[in-house]
Amino acid sequence: MPQASRYSDEQIEALLAELAAVLEKHHTPTDLALMVLGNMVTHVINTRVAPEMRNTLVKSFTDALHASVPLPDTH
């Protein structure tokens with residue numbers, strides 16, 4: 001179930017378009033793009049989130065990521 005955001009779709013799409021343009025400009029391979037984005041997430045969490053809130057945020061973030069990526073059923 002999608003979570004409501006305090007940010008508009010336009011704000012999210014504008015930032016996403018800028019990030020995608022940078023990745024395209026540098027012809028960034030998928031694995032490198034994911035490494036950089038992972039490092040960016042880690043940096044944001046470590047520098048902008050209080051230590052006592054990090055575990056909760058990381059759990060919420062990973063749950064949301066997992067829910068947003070369709071994976072094949074392995075059963």
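Preceding this paragraph is the structure being described.
This write-up is about the structure you can find in this document. Worth saying up front: this structure is predicted, and the values here are computed from it rather than measured.

1. Things to note about the overall build of the protein
Part 1 of the argument: For the protein, the helix and strand inventory stands at three helices and zero strands.
Part 2 of the argument: Secondary structure elements of the protein occur, N-terminal to C-terminal, as α-α-α.
Part 3 of the argument: In terms of overall size, the protein is more extended than a compact globule, its C-alpha atoms giving a radius of gyration of 15 Å where 75 residues would be expected to give roughly 11 Å.
Part 4 of the argument: Projected onto its principal axes, the C-alpha coordinates of the protein cover approximately 40 × 35 × 25 Å.
Part 5 of the argument: Of all 75 residues assigned to the protein, the portion counted as buried reaches 4%.
Part 6 of the argument: Of the roughly 7000 Å² of accessible surface on the protein, 63% is carried by carbon and sulfur atoms.
Part 7 of the argument: Separation between the mean location of the 5 positive side-chain charges and that of the 9 negative ones in the protein comes to 11 Å.

2. Remarks on the pattern of salt bridges
Part 1 of the argument: Summed over the entire model, instances satisfying the criterion amount to one salt bridge.
Part 2 of the argument: With its nearest N and O atoms 3.0 Å apart, the salt bridge here joins Lys59 to Asp63. Of the two residues, Lys59 and Asp63 both sit in helix α3 (residues 51-68), four residues apart, roughly one turn of that helix.
Part 3 of the argument: Lys59 gets classed as partly exposed once you look at its relative accessible area, which sits at 49%.

3. Digging into unusual backbone geometry
Part 1 of the argument: Notably, His27 is not glycine yet its phi reads approximately 50 degrees, a positive angle.
Part 2 of the argument: Following the sequence through the fold, His27 ends up in the loop between α1 (9-25) and α2 (30-48).

4. Side note on a nonpolar patch on the surface
Part 1 of the argument: Together, Leu15, Leu19, Leu34, Leu37, Met40 and Val44 line one region of the surface with nonpolar side chains, adding up to about 490 Å² of accessible area.
Part 2 of the argument: At the level of secondary structure, the elements contributing two or more residues to the nonpolar patch comprise α1 and α2.
Part 3 of the argument: No other element matches α2, which puts four residues into the nonpolar patch.
Part 4 of the argument: Take Met40: it is sitting in helix α2.
Part 5 of the argument: The exposure class assigned to Met40 is partly exposed, which follows from its relative accessible area of 39%.

5. Describing the packing of α2 against α3
Part 1 of the argument: Viewed as axis vectors pointing N to C, α2 and α3 meet at an angle of 150 degrees, and their least axial separation amounts to 10 Å. Here α3 runs roughly antiparallel to α2, going by the angle between their axes. Here α2 runs over α3; the crossing is right-handed. Residues Val41, Ile45 and Asn46 of α2 lie in contact with α3, whose contacting residues are Arg54, Leu57, Val58 and Phe61.
Part 2 of the argument: Considered class by class, the residues forming the contact of α2 with α3 number five nonpolar, one polar and one charged.

Calculation notes
- Residues numbered from 1 in each chain as written.
- Predicted model: local features only at pLDDT ≥ 70, side-chain atom pairs only at ≥ 80, totals over all residues.
- Heavy atoms only, no water.
- Helix = DSSP H or I, 4+ residues; strand = E, 2+ residues; numbered from the N terminus.
- Rg over C-alpha atoms; globule rule 2.2 N^0.38 Å.
- Buried < 20%, exposed > 50% of the residue type's maximum accessible area, 1.4 Å probe, protein only.
- Areas by Shrake-Rupley, 256 points an atom, 1.4 Å probe, with all protein chains shown as cover.
- Lys, Arg positive; Asp, Glu negative; His and termini not counted.
- Charge placed at Lys NZ, Arg CZ, Asp CG, Glu CD.
- Salt bridge = Lys/Arg side-chain N within 4 Å of Asp/Glu carboxyl O.
- Patch = residues over 30% accessible without salt bridge, like charges linked within 9 Å, V, L, I, M, F, W, Y side chains within 5 Å.
- Axes fitted to C-alpha atoms, helices over the stretch in contact; angles between N-to-C directions.
- Parallel < 35°, antiparallel > 145°, perpendicular 65-115°, else oblique.
- Left-handed = near helix turned anticlockwise from the far one by under 90°.
- Contact = heavy atoms within 4.5 Å.
- Nonpolar A, V, L, I, M, F, W, Y, C, P; charged D, E, K, R; others polar.

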